[in-house]
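Descriptive structure summary
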Amino acid sequence: MTVACAQGKIILCGEHAVVYGRPAIAVPVAEVQARATVEDGVEGQSIVIVARDLGRVVTLGDEASDETRDPLLAAAVNTLEYIGLGLGHDLVIVLESTIPVARGLGSGAAVSAAITRALAQHFSKDLTAEQVSRLVYDVEKLYHGTPSGVDNTVVAHQRAVYFVRGQRLEILRVGAPLLLLIADTGVESPTRAVVGAVRSAWQESKDRYETLFDEVGGTVVGIRDAMEKGDAAEVGRLMDENHRLLRAMEVSSSQLDALVNAAKRHGALGAKLSGAGRGGNMIALATPETCQEVKKALQDAGAQGVLQTEVKATTDVTGPLAPSMASPSQR
Ligand code: PMV
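**With respect to the domain arrangement of the chain**
The assigned domain composition of the chain is domain 1 (2-172) and domain 2 (178-311). The C-alpha-based centres of domain 1 and domain 2 are spaced at 25 Å. The partner domain 2 presents 41 residues to the 32 residues of domain 1 that form the contact. Each partner contributes to the roughly 3000 Å² buried at the junction of domain 1 and domain 2, and carbon and sulfur atoms together form 63% of this total. The largest share of the area that domain 1 buries against domain 2 comes from His16, Tyr20 and Arg103, three residues that together contribute 25% of it. Taken together, the connections running from domain 1 to domain 2 amount to 5 salt bridges. A salt bridge links Arg22 to Glu210; the shortest N-O distance between them is 2.5 Å. Remark: the boundary between domain 1 and domain 2 carries 14 residue pairs in polar contact (both at pLDDT 80 or more). Looking at the side of domain 1 that touches domain 2, the elements with two or more residues in it are β1 (2-13), β2 (24-40) and α3 (129-144). Tallying contributions element by element places β2 first for the side of domain 1 that touches domain 2, with 8 residues. Here the side of domain 1 that touches domain 2 is composed, by residue class, of 21 nonpolar, 5 polar and 6 charged.

Printed below as a string of structure tokens:
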């Protein structure tokens, strides 16, 4: 029996604009995880995936479950083919996950990464983080259509990343820890639909949206510099600015704005929606002193759950040198 895990993630800044070649920063969220267990199955049963938390059981070869469309099977099939093993194995893969689905916490990417890691380990094959990232990206396309590649990158590397589509990945240097509160609106965030809506708006008003994307890119560069210096106040100020730009892109919602305003009123250094928007999560940057008050304010303002995580300080940025997924021309 082999077990492997993958952590959730949250986008700190740059969502949407990242689809159009601007930078984004994403960080792992170790408090929520997906876990895959691989066991040899009964002869002739093929590959069975039991996803308890999703209420699903899928079997390779079953007419009802098509591996070219089912993300769980796709993750397993792509991995087995990639490590040169073919599909003639009898395996049971059990999935468990504490990552809320469709809330911008990287549930899909983490489940895929856990399957890929567990299968590789089960057959004693080593995969680099970059290889895991590529395999997960292929599955992300089934979930999201035209993903930027930021989710699979942060989930595979499990480090704070500064990501620009098609460019060499940068692992972030973080000068001082950042305390984040992640509050759930309780509303699903349909990434594919929201990304599609932004695309339509961009097609109709290209100049306006390109300007908004450039401004987002500016805030992300500023946040990276502030994170490196350990300047939390400046990170917060730029998060507010990023939220203002996301509102201008029409991807916020009344619930997201209510949570953002509540956090700000109770001492958050910055607050913004995170991920595709129109639902899902928002993030608030707190300090050890303000954390409890901001958390309570978020709960009082209707948050369905508040998760606390820390972006850890680090100076070790030895990381991958390979280019990140998908060049801008593929979007
Ligand atoms: O909802 P999430 O966390 O998967 O984030 C989507 C982020 C977008 O920038 C809106 C899309 C993308 O592919 O990067």
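**Some words on the packing of helix α2 (residues 107-122) against α3**
Taken N-terminus to C-terminus, the directions of α2 and α3 make an angle of 135 degrees; their axes are 9 Å apart at the nearest point. One way to sum up the angle between α2 and α3 is to call them oblique. In terms of crossing hand, the pair formed by α2 and α3 is right-handed. Mapping the contact onto sequence places Gly108, Ala109, Ser112, Ala113, Thr116 and Arg117 in α2 and Val132, Leu135, Val136, Val139, Glu140 and Tyr143 in α3. Among the residues making up the contact of α2 with α3, the classes are represented as 7 nonpolar, 3 polar and 2 charged.

About the cut-offs
- Counting of residues starts from 1 at the beginning of each chain's written sequence and follows it residue by residue.
- pLDDT decides what is reported in this predicted model: residues at 70 or higher carry local features, side-chain atom pairs at 80 or more are listed and counted, and totals for whole chains, interfaces and linings draw on all residues regardless.
- Side-chain figures throughout are based on the complete set of non-hydrogen atoms in the structure, without hydrogens or water.
- Bear in mind that the domain bounds are from an automatic or database domain assignment.
- Residues are treated as being in contact if the distance between any of their heavy atoms lies within 4.5 Å.
- Buried area is a sum: the accessible area each of two parts loses on coming together, probed at 1.4 Å, counted once for each and added.
- Any Lys or Arg side-chain nitrogen located within 4 Å of an Asp or Glu carboxyl oxygen qualifies as a salt bridge.
- Here a polar contact is recorded for every N or O atom pair within 3.5 Å, except that within protein the pair must consist of a potential hydrogen donor and a potential acceptor, and residues adjacent in sequence are included only if both atoms are side-chain atoms.
- Only DSSP runs of H or I covering at least 4 residues are called helices, and only runs of E covering at least 2 are called strands; the numbering of each starts at the N terminus.
- Put simply, Ala, Val, Leu, Ile, Met, Phe, Trp, Tyr, Cys and Pro go in the nonpolar bin, Asp, Glu, Lys and Arg in the charged bin, and everything else, Gly too, in the polar bin.
- The axes used here are C-alpha line fits, helices contributing only the stretch in contact, and every angle between their N-to-C directions lies in the interval 0 to 180 degrees.
- Orientation labels follow simple angle bins: below 35 degrees gives roughly parallel, above 145 gives roughly antiparallel, 65 to 115 gives roughly perpendicular, and whatever is left gives oblique.
- It is the rotation of the near helix from the far one that decides the hand of a crossing: anticlockwise by less than a right angle makes it left-handed, clockwise makes it right-handed.

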